[in-house]
Amino acid sequence: ETSSLGFYTTGTTGITETLKNAVDVYQQSGTVFIKTSEEFLNASVQVYSMTGELVLQTITNGTITHIDVANLSKGMYLVSLVKDSQRITRKIPVE
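None of the values given here were measured: they were computed from a predicted structure. (Residues numbered from 1 in each chain as written. Predicted model: local features only at pLDDT ≥ 70, side-chain atom pairs only at ≥ 80, totals over all residues. Heavy atoms only, no water.)

## Some details on the overall build of the chain
1) Next: Looking only at helices and strands, one finds one helix and eight strands in the chain.
2) Next: From first element to last, N terminus to C terminus, the chain shows the α and β order β-α-β-β-β-β-β-β-β.
3) Next: The buried share of the chain, taken over its 95 residues, is 39%.
4) Next: Excluding contacts between residues fewer than 6 apart, the proportion of contacts in the chain whose partners are at least 24 apart in sequence is 54%.
5) Next: Surface accessibility of the chain: about 5400 Å² in total, with carbon and sulfur atoms responsible for 48%. (Helix = DSSP H or I, 4+ residues; strand = E, 2+ residues; numbered from the N terminus. Buried < 20%, exposed > 50% of the residue type's maximum accessible area, 1.4 Å probe, protein only. Contact = heavy atoms within 4.5 Å. Areas by Shrake-Rupley, 256 points an atom, 1.4 Å probe, with all protein chains shown as cover.)

Structural data, given as C-alpha cells:
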C-alpha cells in the first residue's frame, strides 16, 4: 500500500505552485520514498514526529531518495525538504 497525504510549502510568493510539483513523498513497506525535481537535489531532509521531535535527517542523493522508517513508531510524521530559502513539508503516515 502506498500513502501520501498533505503538503505545505514556504518560499517566495509565485513559486508555490511550482514547488507543489517539485517533490513527491510517499511511504511503502517501511520506506519513505522522496522523488524530487532537479531544484531539490542535495536538499536537507528532516523527518519530524507530530510533537516536533527531529527523528531522522539526511540529504537527497538523487532524484529518488529512500529513507528506512521501519524502526519508527506507527503514526503521522512530517517530512521536510530544505534547499536554499525553499522548504517543502509533507505529512506522511508510518504504518
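## Side note on the packing of aromatic side chains
Here a ring pair, both rings aromatic, is described through the centre-centre distance and the interplanar angle of the planes.
1) Next: Scanning the entire structure with this criterion turns up one aromatic pair.
2) Next: Note on Tyr26 and Phe33: the rings are 5.2 Å apart at their centroids and 20° apart in plane angle, and the pair reads as stacked. (Phe/Tyr/Trp six-rings, centres within 6.5 Å; stacked < 30°, edge-to-face > 60°.)

## Some points on the pairing of strand E8 (residues 86–94)
Each regular strand displays side chains that alternate between the two surfaces of the sheet.
1) Next: Of all nine residues making up E8, seven are buried, and the element is well covered by its neighbours.
2) Next: Across nine bridges, strand E7 (residues 75–83) lies against E8 in antiparallel orientation. Following the sheet pairing, Leu81 is matched in E8 by Ile88.
3) Next: The antiparallel hairpin formed by E7 and E8 contains two residues in its connecting segment, where Asp84 sits at a positive phi of about 55°. (Pairing = 2+ DSSP bridges.)

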